Amino acid sequence: MNADIDFEAAQKAFSSLKEKADAEWGKLLDDNASYVLVGAATCGRSAGALEVEEAFREELKSHGIEATVIQVGCFGHCYAEPLAIVKRPGYPSMLYGHLSPIIVKNLVQRFFLEEDPYFEIFLGAIEENDMFPRMADLPRYGLETRRLLRRCGLIDPENIMHAIANDAYRGFIITLSKTREEALEICKASGLRGLGGGGFPAWKKRQMLISREGEECYLICNADEGDPGAFMDRTILESDPHSVVEGMLIEGWVTGAGEGFVYVRDEYPLAVARIHKAIVQARETGLLGESVLGSGFGFDIKVIRGAGAFVCGEETAMIASIEGKRGMPRVRPPYPTEEGLYGKPTVVNNVKTLAAAPLVFTEGSEKFASVGTETSKGTALFALAGKTANPGLVEVPMGTTLREVIFDIGGGVPSGKKFKAVQIGGPSGGCLPESMLDTPIDFDSLIEAGAIMGSGGMVILDEDNCMVDTARYFLEFTQKESCGKCTFCRIGTKHMLDKLTDISEGKGKPEDIDYLLELAQNIKMGSLCNLGKTAPNPILTTIKYFRDEYEAHINEKTCPAKVCKSLTAYYILPDKCVRSCDACVGSCPPEAIYSNSKRIKVVDQELCVKCDSCMGACPPEYDAVIKISPVSEVPPSEPRPEKKETVKE
Amino acid sequence: MEVVEEQEILEGISTILDTEPEQFRNLISILQEVQERFGYLPREGMIKIAEHLGLSPANVYGVATFYNQFRFTPPGKCHIKVCLGTACHIKGGDLIMDQWKRRLEIDEGERTEDGEYSIERVGCVGCCVMAPVSIVQDEVVGDMAPNRVDGILLQHQIAKEKAEREAKKQAESIPPGGTEPAEEYPE
Amino acid sequence: MAHVNITIDGTPVKTNEGDKILWAALEAGIYIPHLCAIKEAESPPASCRLCFVEIEGYSSPVTSCTETVKEGMKIKTRSPQVDRLVKSAFDLLMSVHHLECKNCPANRRCALQEVAKKMKFPLRQKTHQKIEMELPVDDSRSDFGLDPNRCVLCGRCIWVCNELVGCRVLDFARRGLNMSVSTFDGAPLAKQEDCTGCLKCVEFCPTGALYLNSDEDIIKAEVGRL
């Protein structure tokens, strides 16, 4: 117990708040009530969720059905968006996917009026029941362990009462009842490690701040999520922002910091709006401010928007950016915990680490530590994308293998294509092949394999993806985002990129692979910050596991996946092309397709820009367009007939 | 985005700097506010901001040019952002960018001569499930393909011409002194 | 001020508490390549990545400009790992540097030439493809000029202009390989009303990126050096 705060007052205030929240939430859960929860986070909206919501409102109204229609966050099952959870008396809450305004019309008609569950679009029931299969029966959901996502897609993110009724802020109250040292011990025992990718033990950072008692200090929530392909942090902020506010309150109490900042990348306008609203609502209910719930402990949070710089995900660069400067990383030591924002001790934590913090206290450290492996506790949250059947967010206990995530949960590679690699950790991470799929997902095993946990983007690549091109893509990104401060990253990544470009254009030489390996090692050792240090990882892993592809590009001028434009040609198979069809000709932007004497179409290799339009235009029943690599293997064709010039006299 | 005259922008910036000064003690948030309202950072505007914050114009320029977000020339009326995040790239995002450039005959970061279109490359916008994605005038268009570019441009052109026709009709049909708007009767 | 005893390359060196290894070494007459460090500056940028040293007990080389001396430290300025890193950084710098010593105003007093000479590295590196940046030169003023093709982005001129003299005419603009020392909006130096022509930026520039234009000033500078 702490002498310097009034715990009893806070507990009392929280109890009355909880009562109110429970009452409001209870109304929704009443057996006789109906509700529709429409998943309307960013990807839901881009799939048409707002139109679906409107359709529900209109349709229910037109039939005189009383039901609460609420916009919720992302359920994580993005492959089935737009989604909605529908509850009506007599039935468990039902998850429906692939909705559209027309389907919604049918759904309301059939489910509400005719009591027909509309199985064609039904995914599963949420809770235990003895009528319908549950979401938990599907591997996509059943094999997940949703803790960071505990409230996502199930509550209105813009209503703090929903969050409180579903256990938000209770962890904070428990923390308040302990001394700072006790709380720190609990955190230590839980084994929580930073989920921003670094995996640094959470309690250590906090201890560094506690040891600076009395000095003004700050907390920063890193919501920059610059990794292209990662959207976990965005989802948490859009769907359950109070988990982050609570995490910061807990951290604020343990470390003695009075002010926190949430640094959100500007490309996430909905996330910015939601976390901002959550903070405003927290203030209104007394959960933020000069005296949180009357305890005497003061804490408040400010939202800072990024301005478009991947490097600002690095903590010292982020601090510079918050100070209004160019986001250039600084040498460490001194570490931010010694000298950070405005020169004061600062702890920077990722969104997921903060969202996990309340669980450490509501569950207790022992239970928290029972999930995961010996050294990596808790769950890992990934944004599964690329060539996967069930893209979206996947949350699994640490220790789950990559194979389980990609095939059992993700549903494998669609369209009968063969799996080639999984890219983990974004531009700082690596590509792992089939042989590494039994690697367990935890901080250390992934580093051993050559990848990193990173900020959880997991992109699946298949036989149609080129590993040289993939490495080049990441280097291009890193090069553009390099801050330019240090020699190795600024100039080194450019040379690596140029070399990869040469290789992908057929200009590679046998000594190029050794050149890349040597330069990669130097950049890793010599760079000032982690952006530079990890920039070579995509190259190192692709050379390690896919060296044969590099050698094919260099020695045979062949791109096995037929992706690299300079090494690939589009060709129309004469025996599949149908004389009467002209579909490809019109689709070709540079007008590179002509008809030969037999009216079979031919691609003019000199004009072709490899845009893939003809392949898309050719009717599937003919399937006449193929890609050939190396280009030397393109069979000869009748030359293009000369255009007869009509000369006007 | 409406095209606003530079003088108006400078007046707008003065208003921003004068209101709620506490909120804007940070250079980047001021620049963001100006960018959001006017679409770009005019030269004279940056000088004003520097003066207000006690920085030198070179310092402000140094900060503004560091970040992707800030533009120094006005965007087109129809601004197109092509996502080139990982998922979009894997699904052929580069081919789509090439097609936009080809059709509009401009490069990334440029604007068409008539001021109508501009193209920008953006990092991941978080709609990876619908990759590849282009954002046309703030509307997310998912499952893009090179052959959809023409359709989108045509749609936009048609909508623009329709709007122009309507505006002309309105202008011509309003008698001097104005008129009452027609009432909508509920069905 | 307490004294701290260290050894550099076997030679005992007496330093002051709080000193950085780089300055302690240079003052003791031991050369360590460096471009961006400024003794008077509050904190070193550590951006050039040339001043690596190996310290007994440390797992990998560290930059000597950021490392504070500790009693009993055993430092080596040359080792296979150090040499590899320093050469690598130097080669990278030279791969984007417009090399024309004969016509360069900094010929024979250039810091890059010093690194090459002392470390026995070739100025004309063959490791990487040469990239000629071909950036526009600002020769608008009569007293000094700026050639970004010779700039190593050490930031010393910016420190001088912002922190020492206070005119704040120069700053870094843009990012990555496009980063350069720039005036507001890249406008010509001649148009910079806040520039007092103190020429301190030229004095601090380790290469020929900033150079004197007027003969008078050049002679003064030469005399000052003698």
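Residues numbered from 1 in each chain as written. Chains lettered and ligands numbered in written order. Predicted model: local features only at pLDDT ≥ 70, side-chain atom pairs only at ≥ 80, totals over all residues. Heavy atoms only, no water.

A. Broad picture of the domain arrangement of chain B. Each assigned domain of chain B is listed here: domain 1 (6–66) and domain 2 (78–167). Using C-alpha coordinates to define each centre, domain 1 of chain B is positioned 29 Å away from domain 2 of chain B. (Domains from an automatic or database assignment.)

B. Region of the structure containing the packing of aromatic side chains. One pass over the full model with this rule turns up 23 aromatic pairs over all chains. On the basis of an interplanar angle of 55° and a centroid distance of 6.0 Å, the ring pair of A:Phe119 and A:Phe132 is categorised as tilted. Placement of the pair is A:Phe119 in the loop between helix H4 (101–113) and strand E5 (122–125) and A:Phe132 in the loop between E5 and helix H5 (139–142), with a sequence separation of 13 residues. Residue class for A:Phe119 comes out partly exposed when judged on its relative accessible area of 49%. Taking 5.9 Å as the distance between ring centres and 75° as the angle between the ring planes, the aromatic pair formed by B:Tyr61 and C:Phe184 counts as edge-to-face. One end of the pair, B:Tyr61, is in helix H4 (residues 57–64); the other, C:Phe184, is in the loop between strand E8 (180–182) and helix H5 (200–204), on a second chain. (Phe/Tyr/Trp six-rings, centres within 6.5 Å; stacked < 30°, edge-to-face > 60°. Helix = DSSP H or I, 4+ residues; strand = E, 2+ residues; numbered from the N terminus. Buried < 20%, exposed > 50% of the residue type's maximum accessible area, 1.4 Å probe, protein only.)

C. Broad picture of the interface of chain C and chain B. Between chain C and chain B, the residue contacts involve 15 residues of the former and 15 residues of the latter. Summed over both partners, the interface of chain C with chain B buries about 1300 Å², with 52% contributed by carbon and sulfur atoms. Counting across the interface, chain C meets chain B through 8 residue pairs in polar contact (both at pLDDT 80 or more). Counting residues per element, the side of chain C that touches chain B draws most heavily on strand E7 (residues 171–173) of chain C, which supplies 3 residues. Each residue belonging to the side of chain C that touches chain B can be placed in one class, and the counts come to 6 nonpolar, 4 polar and 5 charged. (Contact = heavy atoms within 4.5 Å. Buried area = accessible area lost by both parts, 1.4 Å probe. Polar contact = N/O pair within 3.5 Å; in protein donor to acceptor, adjacent residues only side chain to side chain. Nonpolar A, V, L, I, M, F, W, Y, C, P; charged D, E, K, R; others polar.)

D. Looking closely at a negative patch on the surface. A contiguous patch of negative charge on the surface is contributed by A:Glu338, A:Glu339, C:Glu42 and C:Glu163. By secondary structure assignment, the location of C:Glu163 is in helix H4 (residues 156–164). (Patch = residues over 30% accessible without salt bridge, like charges linked within 9 Å, V, L, I, M, F, W, Y side chains within 5 Å. Areas by Shrake-Rupley, 256 points an atom, 1.4 Å probe, with all protein chains shown as cover. Salt bridge = Lys/Arg side-chain N within 4 Å of Asp/Glu carboxyl O. Lys, Arg positive; Asp, Glu negative; His and termini not counted. Charge placed at Lys NZ, Arg CZ, Asp CG, Glu CD.)

E. Structural context of the domain arrangement of chain A. Splitting chain A by domain gives domain 1 (34–142), domain 2 (160–367), domain 3 (371–465), domain 4 (471–567) and domain 5 (568–633). Taking only C-alpha atoms, the centre of domain 1 of chain A and the centre of domain 4 of chain A are 46 Å apart.

F. Just the interface of chain B and chain A, in detail. In this assembly, 36 residues from chain B lie in contact with 51 residues from chain A. Carbon and sulfur atoms make up 56% of the area that chain B and chain A hide from each other, which totals about 3500 Å². On inspection of chain B and its partner chain A, the count reaches 2 salt bridges. In this structure, B:Asp98 engages A:Lys565 in a salt bridge whose closest nitrogen and oxygen atoms are separated by 2.9 Å.

G. Seen up close, the sheet that holds strand E13 (residues 430–433) of chain A. Residue and element names in this part refer to chain A. Here we have 5 strands laid out as an open sheet, ordered E11-E10-E14-E12-E13, and mixed in their pairing. Only two strands of the sheet have a single neighbouring strand rather than two, namely strand E11 (392–397) and E13. For this sheet the average axis-to-axis angle between neighbouring strands, irrespective of direction, equals 30°. Its contacts with the sheet place helix H10 (residues 232–239) against strand E10 (379–386), E11 and strand E14 (457–462), and it is angled at close to 110° to E10. This element, helix H22 (residues 537–555), spans strand E12 (419–424) and E13 of the sheet and lies at about 30° to E13. (Pairing = 2+ DSSP bridges. Axes fitted to C-alpha atoms, helices over the stretch in contact; angles between N-to-C directions.)

H. Inspection of the pairing of E11(A) at higher detail. Residue and element names in this part refer to chain A. The buried count for E11 comes to 5 of 6 residues, which makes it a mostly enclosed element. Pairing between E10 and E11: 6 bridges, direction antiparallel. Counted as the bridge partner of Phe 382 is Val 394 from E11.

I. Just the nonpolar core, in detail. Within the largest apolar cluster, 140 residues are counted, with the highest numbers of intra-cluster contacts made by A:Tyr169, A:Val422, A:Ile441 and A:Met458. Among residues more than four places away in sequence, those in contact with A:Tyr169 are A:Phe14, A:Ile160, A:Ile164, A:His242, A:Val245, A:Glu246, A:Leu249, A:Ala282 and A:Leu287. By size, the runner-up hydrophobic cluster in this structure holds 91 residues, among which are A:Leu528, B:Val63, C:Ile6 and C:Ala25. (Core = buried A, V, L, I, M, F, W, Y, C linked by side-chain atoms within 4.5 Å.)

J. Here's a closer look at the side chain of A:Asn537. Residues and elements named next belong to chain A. Topologically, Asn 537 is positioned in helix H22. Classification of Asn 537 as buried rests on a relative accessible area of 7%. For Asn 537, the residues in contact, after removing those within four places along its chain, are Ser 428, Gly 429, Gly 430, Ile 452 and Lys 524.

K. Highlighting H10(A). Counted residue by residue, H10(A) has 8 buried out of 8 residues, so it is predominantly covered. The set of residues buried in H10(A) consists of A:Met232, A:Asp233, A:Arg234, A:Thr235, A:Ile236, A:Leu237, A:Glu238 and A:Ser239.

L. Region of interest: helix H1 (residues 7–29) of chain A. Residues and elements named next belong to chain A. Between its first and last C-alpha atoms H1 spans 32 Å; for 23 residues at 1.5 Å apiece the expected length is 33 Å, and the two agree. For H1, every residue scored as buried is listed here: Phe 7, Ala 10, Phe 14, Leu 17, Ala 21, Trp 25 and Leu 28. Those residues of H1 hidden inside the fold are in contact with strand E1 (35–39), strand E2 (68–72), helix H6 (160–165) and helix H7 (170–176). (Expected span 1.5 Å × (residues − 1).)

M. Quick peek at the state of the cysteines. As enumerated under the stated definition, the model contains 0 disulfides over all chains in all. Its sulfur unpaired, A:Cys78 is 3.9 Å from the next cysteine sulfur, which belongs to A:Cys43. According to the relative accessible area criterion, A:Cys78 is buried, its value standing at 2%. You can see C:Cys110 has no disulfide; the closest cysteine sulfur is in C:Cys104, sitting 6.3 Å from it. (Disulfide = S-S within 2.5 Å.)

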